[in-house]
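# Observations on chain architecture
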Amino acid sequence: MKDGHIHSPYCPHGSSDSFEQYIKKAIEVGVKVMTFTEHLPLPKNFNDPSPENDSAMSEEHLIAYFNELKKIKEKYKHSVKINIGVEVDYIEEYEKEIKEMLDKYGEYIDDSILSVHMIKINDEYHLIDYSPEKFGELVDLLGEIENVYSKYYDTVKMAINSDLGRYKPKRIGHLNLIRKYNKIYPYDYSGNKKLEEIVRIVKSKDYELDFNVSGYRKPYCDEAYIDGYLLKLVRDYSVKTIFGSDSHTHDTVGYKMKEYNRLMEELQF
């Protein structure tokens, strides 16, 4: 009964819902362990590709985030176990800067996720999950949707194999985020060799996968970010998964957690 992927009022593209609201909702729906995974600040020498410049919180807010959570963690320790965490955005060619950030703040972190939200094309970085229109631009840039999947999976593989130091997250976030707009840009990814290689590497490194259900809340996705062919691979390779609601508002904490638990029982994980 763990929700391992929850955002916070410190998320610039989230909501102003308080930590208390998230925690009370978690207790209400039976969550016993919860991890707040706010986006680790992006490298200072990196330009956020989001038009709103809101992919992650600023470094000046990071210590306040840790300190506030430390107090709340103690306050609610008899009701729910709260982990202080971060979601680390992997950025191709910025491994050194990310490692330095993790080395600087790793001592504050209980739990973490490593995610890919952006890919590099022709020396520019592009968000894969910003909007259907932006995704369409990626298809145009790379020629066809298969190439977008290929570039995304190549980047995820780089993230998994990257040297980010002793505080590198061992859980990979929403592995199939690339399918956020699959109802508009359908693509049959079954049999994809790059994805199978990724799952094999995750298993060999004894990493975990974020079983992220937020895709069910996206109108052009309507599936978990582990589903279909990827779910089969996860089962075939016996890869450990951790449920994640990827909540950006308090009301979705624990969303579909019971369904996830039933699925794990059915698949005999």
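Presented here is a report on the structure given in the accompanying data block.

Rules used in this analysis
- Residues numbered from 1 in each chain as written.
- Predicted model: local features only at pLDDT ≥ 70, side-chain atom pairs only at ≥ 80, totals over all residues.
- Heavy atoms only, no water.
- Helix = DSSP H or I, 4+ residues; strand = E, 2+ residues; numbered from the N terminus.
- Rg over C-alpha atoms; globule rule 2.2 N^0.38 Å.
- Buried < 20%, exposed > 50% of the residue type's maximum accessible area, 1.4 Å probe, protein only.
- Contact = heavy atoms within 4.5 Å.
- Expected span 1.5 Å × (residues − 1).
- Salt bridge = Lys/Arg side-chain N within 4 Å of Asp/Glu carboxyl O.
- Pairing = 2+ DSSP bridges.
- Right-handed = clockwise from strand over helix to strand, strands pointing away.
- Polar contact = N/O pair within 3.5 Å; in protein donor to acceptor, adjacent residues only side chain to side chain.

### Some remarks on the overall build of the chain
- Along the backbone of the chain there are eight helices and nine strands.
- Here the C-alpha atoms of the chain give a radius of gyration of 18 Å, agreeing with the 18 Å that 2.2 N^0.38 yields for 269 residues.
- Overall size of the chain, expressed as C-alpha extent along the three principal axes, is 55 × 45 × 35 Å.
- Within the chain, the proportion of its 269 residues that are buried is 56%.
- For the chain, contacts bridging at least 24 residues in sequence account for 76% of all contacts bridging at least 6.

### Describing helix H5 (residues 145-161)
- Along its 17 residues, H5 runs 25 Å from first to last C-alpha, staying within 8% of the 24 Å computed at 1.5 Å per residue.
- Restricting attention to buried positions, one finds in H5 the residues Ile 145, Val 148, Tyr 149, Lys 151, Tyr 152, Tyr 153, Thr 155, Val 156, Ala 159 and Ile 160.
- Taken together, the buried residues of H5 touch strand S4 (111-115), strand S5 (118-121), helix H4 (132-142), strand S7 (171-172) and helix H6 (193-204).

### What to know about helix H7 (residues 228-236)
- All of the buried residues in H7 are Tyr 229, Leu 230, Leu 231, Leu 233 and Val 234.
- Of the surrounding secondary structure, the elements contacted by the buried residues of H7 are H6, strand S8 (208-212), strand S9 (240-244) and helix H8 (257-266).
- A positive backbone phi angle near 50° is found at Ser 238, which sits one or two residues after H7.

### Let's talk about the pattern of salt bridges
- Enumeration over the complete set of coordinates arrives at 21 salt bridges.
- A salt bridge links Glu 20 to Lys 75; the nearest nitrogen and oxygen atoms lie 3.1 Å apart. One end of the pair, Glu 20, is in helix H1 (residues 19-28); the other, Lys 75, is in helix H2 (residues 62-75), with 55 residues separating them in the sequence.
- In this structure, Glu 208 engages Lys 240 in a salt bridge whose closest nitrogen and oxygen atoms are separated by 3.5 Å.

### Examining the environment of Val 199
- Relative to the assigned elements, Val 199 resides in helix H6.
- For the pair Val 199 and Asp 236, spaced 37 residues apart in sequence, the C-alpha to C-alpha distance is 9.6 Å.
- Apart from residues no more than four positions distant in its own chain, Val 199 is found in contact with Leu 230, Leu 233, Val 234, Tyr 237 and Val 239.

### A closer look at the pairing of strand S3 (residues 81-89)
- The element S3 is largely enclosed, with a buried count of eight among its nine residues.
- In this sheet, S3 lies alongside strand S2 (residues 33-39) in parallel orientation, the contact comprising seven bridges. Within the sheet, the bridge partner assigned to His 39 lies in S3 and is Glu 87.
- For the crossover that starts at S2, traverses H2 and ends in the parallel S3, the hand is right-handed.
- Looking at chain direction, S3 and S4 are connected through five bridges and run parallel. By the bridge assignment, Gly 85 is partnered in S4 with Asp 111.
- Viewed along the sheet, the connection from S3 through helix H3 (residues 95-105) into S4 turns out right-handed.

### Considering the environment of Tyr 153
- Position of Tyr 153 relative to the elements: it lies in helix H5.
- Accessibility expressed as a relative area gives 1% for Tyr 153, which makes it buried.
- The spatial distance from the C-alpha of Tyr 153 to the C-alpha of Lys 193 is 10.0 Å, given a sequence separation of 40 residues.
- Look past the residues within four positions of Tyr 153 in its chain and what remains in contact with it is Leu 175, Asn 176, Ile 178, Tyr 189, Asn 192, Lys 194, Leu 195 and Ile 198.
- A distance of 2.6 Å separates the side chain of Tyr 153 from the side chain of Asn 176, its partner in a polar contact.

### Observations regarding the side chain of Lys 120
- The topology assignment puts Lys 120 in strand S5.
- A polar side-chain atom of Lys 120 sits 2.6 Å from a polar atom in the side chain of Glu 93.
- The residues contacting Lys 120, other than those within four sequence positions of it, are Glu 92, Glu 93, Tyr 125 and Lys 151.

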